[in-house]
Amino acid sequence: MTWTQPFAADSFPSGSGAFPHKHLLGIAGLQKWEILYILKEAEQWVALNRSGPAKHDGRLSGLTIINAFFENSTRTLLSFEIAGKRLGADVVNMHAAQSSVKKGETLIDTAMTLNAMRADAIVIRHGSSGAVQLISSKVDCPVINAGDGSHEHPTQALLDSLTIMRRKGRVEGQTVVICGDVLHSRVARSNLFCLKTLGAEVRVVAPPALMPSGIEAFGAQTFTNFDAALDGADVVMMLRIQKERMVEAAIPGAEDYFAHWGLTREWLRKARPDALVMDVGSTKRDVVARVIYGFRLSIVFTLIVTTCASLIGIAAGAAQGYFGGRLDLIFQRVIEIWGATPSLYIIIILFAILGRGFWLLVFLMVLFGWTALVGVVRAEFLRARNLEYVRA
């Protein structure tokens, strides 16, 4: 689906006037038509990226782009690298872990080094707010902010707006709910600026400890009640917990947080039937595994392990003639033991649903299954040996 918002031929200034900025350091301060110009230009590259094997365009041929990432990244780094290469540029990735920063080089020293390399553009991600702006003041080439501390992540906000336009046809008039760690999220800030500029109604919902003070001044409606915030929402954006930016624990625990602020089907029913859910992708699977599908995963995994262990032991015993050919007795004993302890399975199911002690329960189940197997094998071995003794 493509957007339905009409654009006249003179919607944007001609030439470089459509985006007259040297750098892209943030969304704050950009005009509506500047954002729309970028999004409209981006539309053609969606088609190119889905055009099959021929995804190459040489308009950046001969130019050098440096991706200087001082924070760990997978998706953002790969996105910029692939984008640069598909446009024909020479792309160089610089990771802080392998740079002179580890040897005590200052940020200004790094900026001067990058500038001496005469790059044509630099993409920077840094853990400190304002670091990208500092580097941009020390280099001669354009700088793109790929995320700086808790400040901004402009390219992510542009991507989110383009996604909403393609799925909903427009951003203007949409009710967008941003839920999660708003206090530490640069994505939330950039999205707030971008969506408000494009005419959306933005609601932010978070625990009081994760709600930044004064955010209402930027046009956001604040909520601490997830139920009320989701009422009539067109788009729901879920933020991850930024533990790496927290000075101290702001929430009691992951499970408690999910219970009050995790998006479930029950919560989602408060939004519009066609609501678009946008997740960051880096799901906290330690929470999801225990809370959402921990029940099924723990039971299935446990049964597979214990059943395989039982079958291996039975096969090995049968091969050595320990059971006198009475394999039916072994299966019968295993079934009897498992069937005689339904309370154990009930306890495991309850704990799995609650999402607590997942791996401990798996260990106990494996231990139980193996103990049962050893007990049965030993009993049948003794039975077979006694039979042989009696026959003798």
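Residues numbered from 1 in each chain as written. Predicted model: local features only at pLDDT ≥ 70, side-chain atom pairs only at ≥ 80, totals over all residues. Heavy atoms only, no water.

**Details of the side chain of E34**
As for its position among the elements, E34 is in helix α1 (residues 32–49). Of the side chains bearing the opposite charge, K32 lies closest to the buried E34, which forms no salt bridge; the N-O distance is 13 Å. A polar atom in the side chain of E34 sits 3.0 Å from the side chain of H21. For E34, the residues in contact, after removing those within four places along its chain, are A18, F19, P20 and H21. (Helix = DSSP H or I, 4+ residues; strand = E, 2+ residues; numbered from the N terminus. Buried < 20%, exposed > 50% of the residue type's maximum accessible area, 1.4 Å probe, protein only. Lys, Arg positive; Asp, Glu negative; His and termini not counted. Salt bridge = Lys/Arg side-chain N within 4 Å of Asp/Glu carboxyl O. Polar contact = N/O pair within 3.5 Å; in protein donor to acceptor, adjacent residues only side chain to side chain. Contact = heavy atoms within 4.5 Å.)

**Structural notes on the packing of helix α5 (residues 154–168) against helix α6 (residues 186–197)**
Orientation of α5 relative to α6, taken along the N-to-C sense of each, is 50°, at an axis distance of 8 Å. What the angle tells us is that α5 and α6 run oblique. Here α5 and α6 pass one another in a crossing that is right-handed. When α5 is examined against α6, the residues P154, Q156, A157, L158, D160, S161 and I164 are found in contact with a partner set consisting of V187, S190, N191, C194 and L195. Looking at side-chain class alone, the contact of α5 with α6 contains 7 nonpolar, 4 polar and 1 charged residues. (Axes fitted to C-alpha atoms, helices over the stretch in contact; angles between N-to-C directions. Parallel < 35°, antiparallel > 145°, perpendicular 65-115°, else oblique. Left-handed = near helix turned anticlockwise from the far one by under 90°. Nonpolar A, V, L, I, M, F, W, Y, C, P; charged D, E, K, R; others polar.)

**Some thoughts on helix α3 (residues 107–116)**
Residues L107, T110, A111, L114 and N115 constitute the buried set of α3. All buried residues of α3 project into a common sector of 135° when viewed along the axis, lining one side. Counted as exposed and oriented over 90 degrees from the buried face of α3: M112 and A116. Buried residues along α3 sit against β1 (64–69), β2 (90–95), β3 (121–126) and α4 (131–136). Looking one or two residues beyond α3, the residue adopting positive phi is R118, at roughly 55°. (Arc of directions from axis to C-beta.)

**So, the environment of G29**
For G29, the location among the structural elements is in the segment before α1. Put simply, G29 and C194 are 165 residues apart on the chain and 9.8 Å apart in space, counted from C-alpha to C-alpha.

**Some thoughts on α1**
Spanning 18 residues, α1 covers 26 Å between terminal C-alpha atoms, matching the ideal 26 Å at 1.5 Å per step. For α1, the set of buried residues is E34, I35, L36, L39, E43, V46 and L48. Check the buried side of α1 and you find it contacts α5 and α6. (Expected span 1.5 Å × (residues − 1).)

**Things to note about the pairing of strand β5 (residues 175–179)**
Counting buried residues along β5, 5 of its 5 residues qualify, which places the element largely inside the surrounding structure. Here β5 shows two buried faces, one formed by T175, V177 and C179 and the other by V176 and I178. In this sheet, strand β6 (residues 201–205) lies alongside β5 in parallel orientation, the contact comprising 5 bridges. If you follow V177 over to β6, its bridge partner there is R203. Where β5 and strand β8 (residues 235–238) come together, 4 bridges link them in parallel fashion. Pairing of V176 across the sheet is with V235, part of β8. (Pairing = 2+ DSSP bridges.)

**Quick word on the confidence of the model for the protein**
Overall, the predicted model of the protein reaches an average pLDDT of 75, with 63% of residues at or above 70. Taken together, the stretch residues 285–327 has pLDDT below 50 and engages in 62 contacts with residues farther than four places along the chain or on a different chain. Note that residues 387–392 has pLDDT below 50 and, in this model, 0 contacts with residues that lie over four places away or in other chains. (pLDDT = per-residue confidence, 0-100.)

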